[in-house]
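Report on the structure
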Amino acid sequence: QVQLVESGGGLVQAGDSLRLSCAASGRTFSSYAVAWFRQAPGEERVFVAAINWYGDRTDYGDSVKGRFTISRDNANNTVYLQMNSLKPEDTAVYFCAANSYYSARYYSQAQYNRWGQGTQVTVSS
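Description of the structure in this document. (Residues numbered from 1 in each chain as written. Predicted model: local features only at pLDDT ≥ 70, side-chain atom pairs only at ≥ 80, totals over all residues. Heavy atoms only, no water.)

Focus on the overall build of the chain
The criterion, for reference: Helix numbering and strand numbering both begin at the N terminus, where a helix is a DSSP run of H or I of at least 4 residues and a strand a DSSP run of E of at least 2. Type-normalised accessible area, obtained with a 1.4 Å probe on protein chains alone, sets the label of each residue: buried when under 20%, exposed when over 50%, and partly exposed for intermediate values. The contact criterion used throughout is that any non-hydrogen atoms of two residues lie within 4.5 Å. Every accessible area reported is derived by Shrake-Rupley at a probe size of 1.4 Å, with residue values counting cover from the shown protein chains alone. When charges are counted, Lys and Arg contribute as positive and Asp and Glu as negative, whereas His and the chain ends are disregarded. To locate a charge, take NZ of a lysine, CZ of an arginine, CG of an aspartate or CD of a glutamate.
Check the secondary structure of the chain and you find zero helices and 11 strands. Walking the chain from its N terminus toward its C terminus, one meets helices and strands in the order β-β-β-β-β-β-β-β-β-β-β. In the chain, which comprises 125 residues, the proportion classed as buried is 46%. Of the contacts made within the chain by residues no fewer than 6 positions apart, 58% connect residues no fewer than 24 positions apart. With the model as given, the accessible surface of the chain reaches about 6,400 Å², and the carbon-plus-sulfur share is 44%. Taking the average location of the 11 positive side-chain charges in the chain and that of its 10 negative ones, the two points are 6 Å from each other.

Here it is, written out as structure tokens:
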């Protein structure tokens, strides 16, 4: 069974960069699709980015395209979210999620059955 742990969050200023990590346990993690979602206070959880098991397909939410990059290192059971040019509106708790296949509805929370506990990202203006 895959378990996920996020790290790398923190307090930064607008324009700064952060790299989040999603570390997974479980021998089959390299075959899982992984996504990042985020949830700001009082708002719904929204899709940020997703990557297939091999790493040759990625998808992004409109608000982060061109600024965020998702990648994975299957040898180390880790998925990364590189976040550049951060904005105050990027402030949220960031969650990683995994599924055994890359769904056509990769942007939907319902497609993922493994979730981490989240890491807080705060961007000050």
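Structural notes on the pattern of salt bridges
Short version of the rule: Whenever a carboxyl oxygen of Asp or Glu lies within 4 Å of a side-chain nitrogen of Lys or Arg, that contact is scored as a salt bridge.
Enumeration according to the criterion identifies four salt bridges in this entry. The shortest N-O distance in the salt bridge between aspartate 90 and arginine 38 comes to 2.8 Å. Highlighted residues: aspartate 90 in the loop between β8 (78-83) and β9 (92-99) and arginine 38 in strand β4 (residues 33-39), separated in sequence by 52 residues. Here aspartate 90 and arginine 38 have matching classes, each one buried. Connected through salt bridges with shared partners, the residues Arg38, Arg67 and Asp90 form a single ionic network.

Focus on the environment of glycine 55
Looking at the secondary structure, you find glycine 55 in the loop between β5 (46-51) and β6 (58-60). Glycine 55 sits in the partly exposed class, given a relative accessible area of 31%. Measuring from C-alpha to C-alpha, the distance between glycine 55 and serine 21 comes to 15 Å, with 34 residues separating the pair along the chain.

Details of unusual backbone geometry
The backbone phi angle of asparagine 77 is positive, close to 50 degrees, even though this residue is not glycine. Counting through the fold element by element, asparagine 77 comes out in the loop between β7 (68-73) and β8. Even without a glycine there, the phi angle at serine 85 is positive, about 50 degrees. Here serine 85 shows up in the loop between β8 and β9.

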